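# Summary of structural features
Residues per chain, in single letters:
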Amino acid sequence: RQVDLLLGSVSRLFAEEDLEAEVLYNDRPFIVSGSNNRWARRRKVELEELLGEPWLLPGDDFYLAETFQSQGFAAPKFGMTSYSVYQRILLLATGRFIGLLSGSVLRFSQAEHSSLSILPVDFFPLTWPVAIVTLKDRTITPVVQTFIDCIRDVARPLKKGQ
């Protein structure tokens with residue numbers, strides 16, 4: 001309760017009475033690999049074909065398991081986990097791993113992911129809300145309000161793309 005806001009993906013909207021969540025847009029994952037990965041050269045890839053590949057994923061990602069279960073598969077075996085988005089981008093670019101990156105990460109890190117390819121996989125991922133979470137009845141300072149307004153401006157095109 002000592003921060004002004006939380007900005008990020010939320011697995012659930014907060015039910016606590018003293019928190020308020022403003023959903024900016026819904027994000028979704030894309031299956032990616034390095035451009036030099038053998039799967040990146042294919043015109044079509046079946047999700048089932050990738051299950052045996054080494055995956056690079058965020059740690060303890062229950063969302064991933066739900067996504068694969070919704071497609072009728074068990075979650076792939078992890079090859080490696082990393083909580084750092086930047087590290088995942090760099091490791092995926094090596095071509096040694098298959099991974100999931102969110103649409104917003106791909107959109108806002110274009111220079112870093114120029115050596116990544118979104119794989120042509122027909123899969124229907126679950127989406128999750130990206131939100132600003134604040135405390136109800138807390139006066140927001142002008143600096144924080146300016147930051148929130150900027151966040152809304154940057155997120156507006158992402159909401160339109162849904």
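Since the structure is predicted, the reported quantities are computational estimates derived from the model, not experimental observations.

### Quick word on unusual backbone geometry
Even without a glycine there, the phi angle at Asp137 is positive, about 60 degrees. Position of Asp137 among the secondary structure elements: in the loop between strand E8 (128-135) and helix H5 (142-160). On the basis of relative accessibility, which here comes to 82%, the residue Asp137 falls in the exposed class.

### Comments concerning the sheet that holds strand E1 (residues 6-9)
In space, the three strands of this open sheet follow the order E1-E8-E2, with antiparallel pairing throughout. A strand with exactly one partner marks an edge of an open sheet, and here the two such strands are E1 and strand E2 (19-27). Averaged over all pairs of adjacent strands, the angle between strand axes in this sheet comes to 20 degrees, irrespective of strand direction. H5 rests against E1, E2 and E8 of the sheet, and its axis sits at about 35 degrees to E2.

### Some remarks on H5
Every α-helix carries 3.6 residues per turn, so stepping three or four residues along brings you back to the same face. Taking 1.5 Å as the rise per residue, H5 with 19 residues should run 27 Å; its terminal C-alpha atoms sit 27 Å apart, in good agreement. The largest bend in H5 is about 35 degrees, located at Val154, with the proline Pro157 one to four residues further on. Turning to H5, its buried residues are Val144, Ile148, Ile151, Ala155 and Leu158. In this structure, the buried side of H5 is in contact with E1, E2, helix H4 (103-108) and E8.

### Observations concerning the nonpolar core
With 14 residues, the main nonpolar core has Ile31, Leu50, Trp55, Ile98, Leu100, Leu119 and Val121 as its most contacted residues. Broken down by secondary-structure element, the contributors of at least two residues to this core are helix H1 (47-50), strand E4 (55-57), helix H2 (62-70) and strand E6 (98-102). Within the second largest apolar cluster, eleven residues are counted, among which are Leu5, Ile132, Ile148 and Leu158.

### Structural notes on helix H3 (residues 85-93)
Considered for burial, the residues of H3 that qualify are Arg88, Ile89 and Leu92. On an axial view of H3, the arc spanned by its buried residues comes to 100 degrees, and they lie on one face. Those residues of H3 hidden inside the fold are in contact with strand E3 (29-34), E4, E6, H4 and strand E7 (116-118).

### Some remarks on the environment of Glu22
Tracing the backbone through its elements, the reader meets Glu22 in strand E2. Taking the relative accessible area as the measure of exposure, Glu22 reaches 29% and is therefore partly exposed. On a C-alpha basis, the gap between Glu22 and Leu7 in space is 9.7 Å, while along the polypeptide they are 15 residues apart.

### Comments concerning the packing of aromatic side chains
Applying the stated rule across the entire model yields zero aromatic pairs. Lying over the aromatic face of Phe30, Arg28 brings its terminal NZ or CZ to 3.9 Å of the ring centre.

### Quick word on the pattern of salt bridges
Taken as a whole and judged by the stated rule, the model has seven salt bridges. A salt bridge links Glu22 to Arg152, with the shortest nitrogen-to-oxygen separation between them at 2.8 Å. Residue Glu22 is located in strand E2, and its partner Arg152 is located in helix H5; the two are separated by 130 residues in the primary sequence. Judged by its relative accessible area of 29%, Arg152 is partly exposed. One continuous salt-bridge network, built from bridges that share partners, spans Glu22, Asp149 and Arg152.

### Quick word on the side chain of Ser104
With respect to the secondary-structure elements, Ser104 resides in helix H4. Polar side-chain contacts of Ser104 include one of 2.5 Å to the side chain of Asp27. At 3.2 Å, the side chain of Ser104 and the side chain of Ser102 are in polar contact. Apart from the residues within four sequence positions on either side, Ser104 is in contact with Tyr25, Asp27 and Leu158.

Cut-offs and rules
- Residues numbered from 1 in each chain as written.
- Predicted model: local features only at pLDDT ≥ 70, side-chain atom pairs only at ≥ 80, totals over all residues.
- Heavy atoms only, no water.
- Helix = DSSP H or I, 4+ residues; strand = E, 2+ residues; numbered from the N terminus.
- Buried < 20%, exposed > 50% of the residue type's maximum accessible area, 1.4 Å probe, protein only.
- Pairing = 2+ DSSP bridges.
- Axes fitted to C-alpha atoms, helices over the stretch in contact; angles between N-to-C directions.
- Contact = heavy atoms within 4.5 Å.
- Expected span 1.5 Å × (residues − 1).
- Bend = angle between axes of the 7 residues up to and from the residue.
- Core = buried A, V, L, I, M, F, W, Y, C linked by side-chain atoms within 4.5 Å.
- Arc of directions from axis to C-beta.
- Phe/Tyr/Trp six-rings, centres within 6.5 Å; stacked < 30°, edge-to-face > 60°.
- Lys NZ or Arg CZ within 6 Å of the ring centre and 35° of its normal.
- Salt bridge = Lys/Arg side-chain N within 4 Å of Asp/Glu carboxyl O.
- Polar contact = N/O pair within 3.5 Å; in protein donor to acceptor, adjacent residues only side chain to side chain.

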